[in-house]
Amino acid sequence: ARVESTGFDGETVELTFSVNGEVVETREIELAGGAQFEEFSYLPPKDAEELKLAVSVKTDLDESGDVNNRATHGLRVLNEKIDVLYVEGMPRWEYRYLRWVLLRDPRLRVRFLMTQGDEHLARTSNSHVGAFPSKAEELLKYDLIILGDVNPSYFRPEQLKWLEDLVKTGGGSLLMLAGPMGAPGFYGETQVADMLPVRIGGSRWRSIASRYHPVVTADGLESAVTALGDTAETSNRIWSAVRPMGYLPQLDGAKPGATTLLTLSRDENATSVEKPYPLVAWQRYGSGKTMFVGTADLWRLRREVGDRFHSQFWSQAIQFLALSRLLGQNKPV
C-alpha cells in the first residue's frame, strides 16, 4: 500500500487491510510526509476466484476531506497455467538465461523448440518438442509464441497462417526476440511483418556504439512491462546496464497503432527529426497482442545483480501478453 501525506509529519494513523470486506490486518503507522509504503501478506483460500482488496486510513486529523483515505483493487485468482512455445534457432546467451526464467515460473507450462543444434533434445527432455505444430489445433492451444532468431524458411506457409490466426482471432500473443539470422529482417513478405508493431527496414543489422543503451519512454514508465523501479530515474538506471548491444536490426520506426516502451538513448546533438528507435514495442493485433524485442542482450541486466531485473522484465512481459487471454480480456474495442 502506498500512503501519501502532506503536512502531518510525525502523526500516527491507523491503516487497515481487508479482503472481501473482512479485516486481515490493522496497524498503526507514523506519517513521514510524501509517499511511504506498507506491505501486507495474504494467502487466498484454494477455492478463491474473485477478491476485492481494500486499504483504508482512519485518522482524527483535521483534513479537508477523507474521500481519498480508501483505495480498492479487484483481484482474480487463476489456477490455469499459461501455455508457452519458445521457438529458437541456435542457443545464444539470451536463450540460455530466458530458458531458466521460463522454467522457474510456476504459472507457465513451457515447451522449447530448437530449430538448430541438438536434434535429440526432444527425445531426452520433456520440455522440448521436435517440430513446430503440424496442425492448426495443436498451435491454437498455446497462449504465447516466443519467436527467436529463426529464418522464416523453416516454416511452411500454412504454419505462419496458423500463427496469425492464433493471435488475430484466437486471442493469443506473439513475441519476437530479434536475431541476425532471420528475425525480423527476413519476415518482410510474411504475415509476421503485418503482425509486428514495428516496420521492418531491411535484413541488415546496424552497428551501435557502446555508449547507447535502452531508455524507458513515457508509455514505458506507465507500463507493467518495462518499469523496473519505483521512479523513472531508477528504471532508466537499471536499463542503462544493457550495453554494449553491438548490432540492432534495421527498422523504419513503430507502426501508428503501436506503443513503444523502450527506445535508444540519444546524443545531445541529435536532431529532433530522427525517429526514436522502437527497441521494445507492442500493439494489439485482432483480438490478441504482439510484442517486438529488438535486442538479444537483455541478459546484461544481470550485471552485478544476478537474475533480479532480467527475470522481472520477462515475467512482466509474459504476464502482460498471455494472461489477458485467460482472463478473457483480449477483445477489440
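Cut-offs and rules
Residues numbered from 1 in each chain as written. Predicted model: local features only at pLDDT ≥ 70, side-chain atom pairs only at ≥ 80, totals over all residues. Heavy atoms only, no water. Helix = DSSP H or I, 4+ residues; strand = E, 2+ residues; numbered from the N terminus. Buried < 20%, exposed > 50% of the residue type's maximum accessible area, 1.4 Å probe, protein only. Contact = heavy atoms within 4.5 Å. Areas by Shrake-Rupley, 256 points an atom, 1.4 Å probe, with all protein chains shown as cover. Lys, Arg positive; Asp, Glu negative; His and termini not counted. Charge placed at Lys NZ, Arg CZ, Asp CG, Glu CD. Phe/Tyr/Trp six-rings, centres within 6.5 Å; stacked < 30°, edge-to-face > 60°. Polar contact = N/O pair within 3.5 Å; in protein donor to acceptor, adjacent residues only side chain to side chain. Pairing = 2+ DSSP bridges. Axes fitted to C-alpha atoms, helices over the stretch in contact; angles between N-to-C directions.

Engineer: Outline the overall build of the chain, listing residues and values.
Structural biologist: When you go through the chain residue by residue, the secondary structure sums to 8 helices and 16 strands. Principal-axis analysis of the C-alpha atoms places the extent of the chain at approximately 70 × 55 × 40 Å. Looking at the chain residue by residue over its 333 residues, the buried ones come to 46%. Sequence-distant contacts in the chain: of pairs separated by 6 or more residues, those separated by 24 or more amount to 69%. In the form shown here, the chain has an accessible surface area of approximately 17,700 Å², with 48% of it arising from carbon and sulfur atoms. Charged side chains in the chain number 38 positive and 44 negative. The centres of these two groups are separated by 9 Å.

Engineer: So what about the packing of aromatic side chains? Which residues, and what values?
Structural biologist: Tallied over the entire structure, the rule returns 12 aromatic pairs. Centre to centre, the rings of F132 and F155 are 5.0 Å apart; their planes meet at 80°, and the pair counts as edge-to-face. Note that F132 is positioned in the loop between α2 (121-124) and α3 (136-139) and F155 in the loop between β9 (144-147) and α4 (157-168), a separation of 23 residues in sequence. Overall, F132 belongs to the buried group, its relative accessible area being 5%. Note on F155: relative accessible area 8%, which makes it buried.

Engineer: Would you mind going over the side chain of Q36 in detail, with residue names and values included?
Structural biologist: Checked against the element boundaries, Q36 lands in strand β4 (residues 34-37). A distance of 3.1 Å separates the side chain of Q36 from the backbone oxygen of E30, its partner in a polar contact. Apart from residues lying up to four places away in sequence, Q36 is in contact with A1, R2, V3, S5, I29, E30 and L31.

Engineer: With reference to specific residues and values, describe the sheet that holds strand β2 (residues 12-19).
Structural biologist: What holds strands together in a sheet is hydrogen bonding between their backbones, with the strands either parallel or antiparallel. Judged by pairing direction, the sheet is antiparallel, and its 4 strands sit side by side in the order β3-β2-β5-β6 without closing on themselves. The open sheet is flanked by β3 (22-30) and β6 (70-76), the only strands paired with a single partner. Taken pair by pair, the neighbouring strands of this sheet meet at an average axis angle of 15°, ignoring direction.

Engineer: Could you give an account of the sheet that holds β9, naming the residues involved and the relevant values?
Structural biologist: Here we have 8 strands laid out as an open sheet, ordered β8-β7-β9-β10-β16-β15-β14-β12, and mixed in their pairing. Sheet topology places β8 (108-114) and β12 (214-216) at the edges, where each strand pairs with a single neighbour. The sheet shows a mean angle of 20° between the axes of neighbouring strands, direction not considered. Here strand β10 (residues 173-177) runs beside strand β16 (residues 288-293); their pairing, made up of 5 bridges, is parallel. Residue pairing in the sheet places S173 in a bridge with K289 of β16. Contacting β7 (82-88), β8, β9 and β10, helix α1 (residues 93-104) runs over the sheet at an angle of about 150° to β8.

Keep in mind these numbers describe shape, not what the thing actually does.
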